[in-house]
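Understanding the architecture of this molecule
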Amino acid sequence: MSHGPRSGLAAVSSALLAMSRHLEVRDVLKTIVASARELLDAEYAALGVPDDHGGFAQFVVDGVSEEQWKAIGPLPRQHGILAAMLHEARAERLADVRKDPRFEGWPKAHPDLIDFLGLPIRDGDEVIGALFLANKLRPEGGLAPCPEPDGGCGFTQDDEELLGILAQHAAIALTNARLYERSRELTIAEERSRLAHELHDAVSQKLFSLRLTAQAAARLVDRDPSRAKGELQQVAVLAAEAADELRAAVVELRPAALDEDGLVATLRTQIQVLDRAHSARVTFAGHGVKALPASQEEALLRVAQEALHNALRHSGADHVDVLLERRGGGAVLRVTDDGSGFDTRAVRHAGRHLGLVSMRDRASGAGGTLTVESVPGKGTVIEMEVPGG
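Residues numbered from 1 in each chain as written. Predicted model: local features only at pLDDT ≥ 70, side-chain atom pairs only at ≥ 80, totals over all residues. Heavy atoms only, no water.

**Details of the overall build of the chain**
Counting its regular elements, the chain contains 11 helices and 10 strands. Looking at the 389 residues of the chain, the share that counts as buried comes to 41%. If you take every contact in the chain between residues at least 6 apart in sequence, the share linking residues at least 24 apart comes to 61%. Carbon and sulfur atoms make up 52% of the accessible area of the chain, which amounts to about 20,600 Å² in all. (Helix = DSSP H or I, 4+ residues; strand = E, 2+ residues; numbered from the N terminus. Buried < 20%, exposed > 50% of the residue type's maximum accessible area, 1.4 Å probe, protein only. Contact = heavy atoms within 4.5 Å. Areas by Shrake-Rupley, 256 points an atom, 1.4 Å probe, with all protein chains shown as cover.)

**Focus: the pattern of salt bridges**
Between side chains of opposite charge, pairing is possible as soon as their charged atoms come close. Taken as a whole, this structure holds 15 salt bridges when the rule is applied. Across the salt bridge formed by Arg 102 and Glu 92, the nearest N and O atoms sit 2.9 Å from each other. You can see Arg 102 sitting in the loop between strand S3 (92–94) and strand S4 (116–123) and its partner Glu 92 sitting in strand S3, a full 10 residues away along the chain. A relative accessible area of 4% means that Glu 92 is categorised as buried. The residue Asp 159 makes a salt bridge to Lys 136 at a minimum N-O spacing of 3.2 Å. (Salt bridge = Lys/Arg side-chain N within 4 Å of Asp/Glu carboxyl O.)

**Topic: the environment of Gly 230**
Mapped onto the fold, Gly 230 is located in helix H6 (residues 225–253). Taking the C-alpha atoms as reference points, Gly 230 and Thr 213, 17 residues apart in sequence, are found 9.8 Å from one another.

**Examining the packing of helix H8 (residues 263–277) against helix H9 (residues 294–313)**
One can describe the packing of H8 onto H9 by two numbers: an axis separation of 11 Å at closest approach and a directional angle of 15 degrees. Taken together, the axis directions place H8 and H9 in an arrangement best described as roughly parallel. In the crossing of H8 with H9, the sense of the turn from one axis to the other is right-handed. Contacts from Leu 263, Thr 266, Leu 267, Gln 270, Ile 271 and Leu 274 in H8 reach Glu 297, Leu 300, Leu 301, Ala 304, Gln 305, Leu 308 and Leu 312 in H9. In terms of residue class, the contact of H8 with H9 is made up of 9 nonpolar, 3 polar and 1 charged. (Axes fitted to C-alpha atoms, helices over the stretch in contact; angles between N-to-C directions. Parallel < 35°, antiparallel > 145°, perpendicular 65-115°, else oblique. Left-handed = near helix turned anticlockwise from the far one by under 90°. Nonpolar A, V, L, I, M, F, W, Y, C, P; charged D, E, K, R; others polar.)

**Digging into helix H11 (residues 356–365)**
All of the buried residues in H11 are Leu 356, Met 359 and Ala 363. Here the buried residues of H11 occupy an arc of 60 degrees about the axis, which is enough to place them on one side. The outward face of H11, more than 90 degrees from its buried face, is lined by the exposed residues Asp 361, Ser 364 and Gly 365. Immediately downstream of H11, the backbone of Gly 367 shows phi near 80 degrees, a positive value. (Arc of directions from axis to C-beta.)

**Some remarks on the sheet that holds strand S6 (residues 281–287)**
The mixed open sheet is built from 5 strands, whose spatial order is S6-S7-S8-S10-S9. What marks the edges here is a single partner per strand, and that holds for S6 and strand S9 (369–374). Averaged over all pairs of adjacent strands, the angle between their axes in this sheet comes to 10 degrees, without regard to strand direction. Strand direction decides the pairing type here: S6 and strand S7 (residues 319–327), joined by 7 bridges, are parallel. (Pairing = 2+ DSSP bridges.)

**Description of H8**
An α-helical segment advances 3.6 residues per turn. Residues three or four places apart therefore align on the same side. Here H8 spans 21 Å end to end across 15 residues, near enough to the 21 Å set by a 1.5 Å rise per residue. Listed in full, the buried residues belonging to H8 are Leu 263, Thr 266, Leu 267, Arg 268 and Ile 271. (Expected span 1.5 Å × (residues − 1).)

**A look at the layout of surface pockets**
A volume near 530 Å³ is recorded for the second largest pocket. Lining of the second largest pocket is provided by 30 residues; of these, Leu 82, Trp 106, His 110, Leu 113 and Phe 132 occupy positions nearest its centre. Where the lining of the second largest pocket is concerned, the elements lending two or more residues are strand S1 (42–50), strand S2 (56–62), helix H3 (66–72), helix H4 (80–88) and strand S5 (126–136). Looking at the lining of the second largest pocket, its residues break down into 22 nonpolar, 4 polar and 4 charged. (1 Å grid on protein atoms, 1.4 Å probe; cavity = no way out; pocket = protein on both sides within 12 Å on 5 of 7 lines; lining within 4 Å. Points joined across faces, edges and corners; volume = space filled by probe spheres on them.)

**Looking at the side chain of Asp 96**
Tracing the chain through its elements places Asp 96 in the loop between S3 and S4. In terms of polar contacts, Asp 96 uses its side chain to reach the side chain of Arg 98, at 2.9 Å. Apart from the residues within four sequence positions on either side, Asp 96 is in contact with Leu 113 and Ile 114. (Polar contact = N/O pair within 3.5 Å; in protein donor to acceptor, adjacent residues only side chain to side chain.)

**Overview of the packing of aromatic side chains**
Taken as a whole, this structure holds 5 aromatic pairs when the rule is applied. On the numbers, 5.2 Å between centres and 70 degrees between planes, the contact of Phe 56 with Phe 59 is edge-to-face. When sorted by exposure, Phe 56 lands in the same class as Phe 59, which is buried. Each ring, one from Phe 116 and one from Phe 132, has its centre 5.5 Å from the other, and the planes form 25 degrees; the classification is stacked. Separated by 16 residues along the polypeptide, Phe 116 in strand S4 and Phe 132 in strand S5 bring together distant segments of the chain. (Phe/Tyr/Trp six-rings, centres within 6.5 Å; stacked < 30°, edge-to-face > 60°.)

**With respect to the nonpolar core**
Counting residues in hydrophobic clusters, the biggest one holds 35 residues, and the most contacted among them are Leu 267, Leu 300, Val 320, Leu 324, Leu 333, Leu 370 and Met 384. Among the elements of the structure, H8, S6, H9, S7, strand S8 (330–337), H11, S9 and strand S10 (380–386) are those that each provide at least two residues to this core. Those residues in contact with Leu 370 that lie beyond four places of it in its chain are Val 303, Leu 356, Met 359, Arg 360, Ala 363, Ile 382, Glu 383 and Met 384. (Core = buried A, V, L, I, M, F, W, Y, C linked by side-chain atoms within 4.5 Å.)

**Observations concerning unusual backbone geometry**
Positive phi, close to 55 degrees, is recorded for Asp 41, a residue that is not glycine. When you line up the elements, Asp 41 lands in the loop between helix H2 (25–39) and S1. One non-glycine residue, Ala 89, lies in the positive phi region at around 55 degrees. With respect to the element layout, Ala 89 can be found in the loop between H4 and S3.

As structure tokens, this is what we get:
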């Protein structure tokens, strides 16, 4: 291939090694984009990972400053050339993307793209991303003119072939990173389960000792007030120790992904894992939700997890849909399934059902509300609303 010095064998090898070096999905995406832009001498490069709702779950760019990216606004939708790469699953090499009949414009702050090269990233038959480059550069740093009057452009057939090689290795690196993250999530879940059992044992022992000490103090209060006072002081010590253990456990058991990725990304990742692990179709949509107080985000996540567990384990649902959207200054979570449903009046009369008490407690503790709608044979809708901070 007749590329510049950066596209020699050593440069290609370095790019492929860099892709395989990272285990975090976001780092892999950034490395793919930066490698593609450098190897093919492009002014801009981007990679989008589609979601299930006509948009992108992740979209990484290279060649655009942080200020420009913020000014551009929300992530793009799957339309125009991006949709063609995702849905027609073939390469697109254009002399001027603006003249293509599928071109639908871009936001005001978006850089001006001219010549364009893009192609899908595949994992087997599944398109897991779209990688594209724009504005081929010449050694002197200017934009490449279209050298061929019959429709050629700055990017060549050799460029397309090289990008195809990168895309194949990008699919491997991205798939490995996803598998690593899922494995890590399972490991974290197992560790949290272990910690929960240990917490239960430790606090139960403390509470048992506290109860015995309190009973001893009650028996001594009349005949030996001095000893009773000592027992009551021990009660205070045991209660303080139990409270300290509970506080430590709450911090330790808070989902780490919430702190690192935020509520929307954490929910989306967990639901993608559940969708692959169960025969039921599990989907997620998040609209306009801003950062919420930590206690509310954790409560929303826990309620979503409990509702999903119920739907997938007990309802026999074929479809479970999770929606998280902004409402006023807060947010509303809605989990809908088409499963067997139940009689809500009987549940209220019985007092407990499928963790509903726990979900209501979590909602109330976060200053929110929980509503449950269900009819036998017609599925269930669980909705939690929090006011924000």
